[in-house]
Amino acid sequence: MKNFEEVEQEKTLDVKKLLYRSLRYWYYFPIFLFIASFVAIALYQTTTPMHQISIQLLISDGQETAGAMNVGDRALPGISLGGTGFLENQTIILTSRKQVEKTLRQLDFEISYFEKEMFKTQEIYKKSPFRVLIDSSEVNPTGLHFEVEFLSKERYRLSLKDGDFSKEYKLFEKVTHPQFAFSIVPVEENIPGSDYHEKIYEFSVNSLNQLVGQYQSKLVLDQVVNGSSIVEISIMENNVQKGIDFLNKLAQNSVDYTLDKKNRIALNTIDFIEKQLVGVADSLGAAENVLENFRSANQVMDVSYQGQMILTQSQELEEQKSALLAKLDYYSYLNDYIESNRDMQEVIVPTSMGIEDPVLGQLISQLSTLNAERSALRFNATTENPNITRINASIDNLKSSIQESLSSVISATNLSLNDINNRLYNLSGQIRKLPGTEQRLLNIERSRQMNNETYTFLLTKLTEAQLAKAANRPDNEIVEEAISKGMVVPDQKRSVMLVLLLGLFLPAVVIFIKIFSNDKVLETDDVKEFSVLPIIGEVPHERKNGKVSLAKAANSYNGNTILAESFRSIRTSLGYYSNQKASKTVLFTSTLPGEGKSFCAINLAKSFAQLNKRTLLIEFDMRRPSLSKQSGITSNGNGLSAFYTGDAKVEDIINKDSELENLHIIFAGHIPPNPSELIAGEATKRLMEQLQEKYDMIIIDTPPVGIVADAHLLTEYADVNVMVVRHNVTPKPVLKMNLRDEKVKNIPHLSVLVNGIPFQRKEYSYKYGYDANSKYFAKN
């Protein structure tokens, strides 16, 4: 015979059996599908819808719009705000608290209006049939939430949410309270078709601070294409139009921001030139007056040819001197600008003043870029931010470099200016050789020319600056205005996935866990997995009218039911255990209490009694006797315990069944303190010898073999020993442990009876049998 280890090694995964076991729980799927569908519909109906709104914005570095602008043959300088990290800086500025706050101040977001629906509350934004006019001169009800229930077209009930205020008012009537003061007026264009007098509305007065934080956290920026300077700004909003208005205004403010910055720089340049022009214009006017007066007084209209030559040379030198003086003025302006620690983003660039110094221009460009980066970071960070600290250090170094460069170019310019002054001084010597009247006229003419050249030079630069300002274009551009990309919450696809997950996958997991975590014996194959003991039979558990039938022992053996048929099959199987004795003894035991051994013993005894065999059922379970209750036979008052104590003879303890005259029963009687010692004595041997001579069949009901030793003491008197295991009750580990026990291994003629198998689970093993209505059938 194979041992238990060999049986375990031969085990393989039976897919068919697993499939059959899984199909037993098919009803889990419709139940879970119904629950999942209900949950998904409930969530869909109660979740406040959220829509994704997005806008596309081109963020350029200013190279195209701020480059040089050609007018005729001359190049007009542009202003560039670009540089490394320009895209990052602009996105930081775009989503900064300052920009969001500016946008919200421009929009009518102070009060939010809602319409209460059956399962949720929907924001109605500009479609509200009424408007709240807050009297901020008294008190501002920031953060309060109100409910408006219209009682008629003119009257409404106002209630403070999370408060104890509730009162009726008329439209246009002023609502006064220590916490708030406002009036509710109708919006005529939204009233037609709204049926507002039949609905309930809500409104809340928003705090600008909290509103800025909410919108700033909701903004999402992403590049449309990797490496592209077109960014998509998205926001999740309950009301589509509200989200569209916000994004359009935010994007427009971003466009205006870069244009305003360029215009401020251009205006600084124009303002600087105009201040220079004021002084030069006064000097030029005075010089022209002097010249006119001198000509009138001396009746001299022009100088001689020699004087004209000197005047021409002087004019050329004065032009050069005017340019150099303008440069010196710019250098002085730039030095003062740096020393006063002003924002270098608005500084006048050198090219606008005709200064072609590549080193100085590059340094100022770098300084402007660093200032832009610092300004962008300051929108969302404090001065203690390490990046700002790093940029401050770089700015300080650049300022030192610019001041050194300024010192160098100022020295060079002064040298050039001294050279021109020396040449003009030499011309003055030549002028002194001319006649006195001509000398004075020439000096006056030189002074006028010098002022005129300076004035002309500044006018040219002013015109160039004004043209540059007119040519300014914003760096940012709205590529596509805000549109709704559809509802994101609740997500229909996610709801369907939820239904599929909870309705199909989850029950499959539950069934899997239920099957693989169940360590109870479910069918005969479970016993065969680790035991080679013969299965003497299976006792079904019937269902009647949809309920489990608690088949009583008094009538379970009789009739054409599948339960009665199963005991007939067991009775037939026991016939194969032939012996030489005239009487046959069958012992019933189990591993644990509650496995139905007494139930099986009673029904088998009655089944043998039907064959006109003298049958005796002995209740040797003197620890938890239950035969009297299950059999329905009243005891005569004596039992085994009375026999062992000598208070009664064998004839006195035998009870007869009133329905079956061939069935006799010996009950346990009173519970003794030492049943194992009583069973182990000689009295048991004498009792069994005496009874085996008198009866054809003796059925012994014993205590569980896995708990006490009583059953082991009685196995020597039995021809067949039956261990009862019960469907979904007997733990397989406990059964395995008991079957491996040496005492159990040595029990002769040991068989297994599987009890309590549901009828529906048992019938697949047969091609023929009884159905639930006791009708014989053949399976296809």
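It should be emphasised that the depicted structure is a prediction, and the values quoted were computed from it without experimental measurement.

Draft legend 1. Summary view of the nonpolar core. Counting 31 residues, the largest nonpolar core has Ile273, Tyr330, Tyr331, Leu334, Leu360, Ile402 and Leu406 as its most contacted members. Leaving out residues up to four positions away in the same chain, Ile402 has contacts with Leu334, Ile338, Leu360, Leu363, Ile364 and Leu367. Listed in part, the 30 residues of the second largest apolar core include Leu563, Phe599, Leu660 and Val720.

Draft legend 2. Representation of the sheet that holds strand β23 (residues 697-701) in the model. Spatially, β16-β25-β24-β19-β23-β20-β22-β21 is the arrangement adopted by the 8 strands of the open sheet, whose pairing is mixed. Of all strands in the sheet, those bounded by a partner on one side alone are β16 (535-541) and β21 (654-656). Strand-to-strand twist of the sheet, defined as the mean angle between neighbouring strand axes without regard to direction, takes the value 25 degrees. Each of β16, β19 (584-590), β24 (720-726) and β25 (750-758) touches helix α14 (residues 562-574); the most contacted strand, β16, lies at about 170 degrees to it.

Draft legend 3. How the structure looks around the side chain of Thr684. Along the chain, the position of Thr684 falls in helix α20 (residues 682-694). At 2.5 Å, the side chain of Thr684 forms a polar contact with the side chain of Tyr644. With sequence-adjacent residues up to four places away left out, Thr684 is seen in contact with Phe620, Tyr644, Leu678, Ile679, Leu714 and Tyr717.

Draft legend 4. Highlighting the pairing of strand β14 (residues 230-237). Within β14, 6 of the 8 residues are buried, which leaves the element mostly enclosed by the surrounding structure. Inspection of the sheet shows strand β1 (residues 50-59) paired to β14 by 8 bridges, in the antiparallel sense. Of the residues in β14, the one forming a bridge with Ser54 is Ser234. Bridge count for strand β13 (residues 220-223) against β14 is 4 bridges, and the pairing is antiparallel. Within β14, the position partnered with Leu221 by the bridge is Ile233. From the end of β13 to the start of β14, which pair antiparallel, there are 6 residues, and Gly227 there has a positive phi angle of about 90 degrees.

Draft legend 5. Molecular detail of the pattern of salt bridges. Under the definition given, this model contains 22 salt bridges. A salt bridge links Lys485 to Glu232, with the nearest nitrogen and oxygen atoms 2.7 Å apart. Taken together, the residues Lys485 in strand β15 (residues 476-489) and Glu232 in strand β14 connect sequence positions 253 residues apart. According to the relative accessible area criterion, Glu232 is buried, its value standing at 18%. A salt bridge links Lys745 to Glu742; the shortest N-O distance between them is 3.7 Å. Of this pair, Lys745 and Glu742 are both found in helix α23 (residues 742-745), 3 residues apart, which corresponds to roughly one turn of the helix. With a relative accessible area of 43%, Lys745 lands in the partly exposed category. The structure contains a network of salt bridges with shared partners spanning Lys116, Glu147, Lys161 and Glu202.

Conventions we followed
- Every chain is numbered on its own, with residues counted from 1 as its sequence reads.
- Residues qualify for local features only when their pLDDT is at least 70, as the model is predicted, and side-chain atom pairs are given and counted only at 80 or more; totals for whole chains, interfaces and linings, by contrast, use all residues.
- As a convention, hydrogens and water are excluded, and side-chain values are obtained from all of the structure's heavy atoms.
- What makes a nonpolar core is a set of buried Ala, Val, Leu, Ile, Met, Phe, Trp, Tyr and Cys residues whose side-chain atoms join them at distances within 4.5 Å.
- Under the scheme applied here, a residue whose accessible area is under 20% of the maximum for its type counts as buried, over 50% as exposed, and between as partly exposed, the area being computed with a 1.4 Å probe on protein chains only.
- Pairs of residues are marked as contacts when any of their non-hydrogen atoms sit within 4.5 Å.
- Strands are treated as partners if at least two bridges between them are detected by DSSP.
- Per the convention used, a helix needs a DSSP run of H or I reaching at least four residues, while a strand needs a run of E reaching at least two, with both numbered from the N terminus.
- Axis definition: a line fitted to C-alpha atoms, over the contacting stretch in the case of helices. Angles run 0 to 180 degrees between N-to-C directions.
- Any pair of N or O atoms that falls within 3.5 Å is considered a polar contact. Within protein, one atom must be able to donate a hydrogen and the other to accept it, and sequence-neighbouring residues count only if both atoms are side-chain atoms.
- The salt bridge criterion pairs a side-chain nitrogen of Lys or Arg with a carboxyl oxygen of Asp or Glu, the two atoms within 4 Å.

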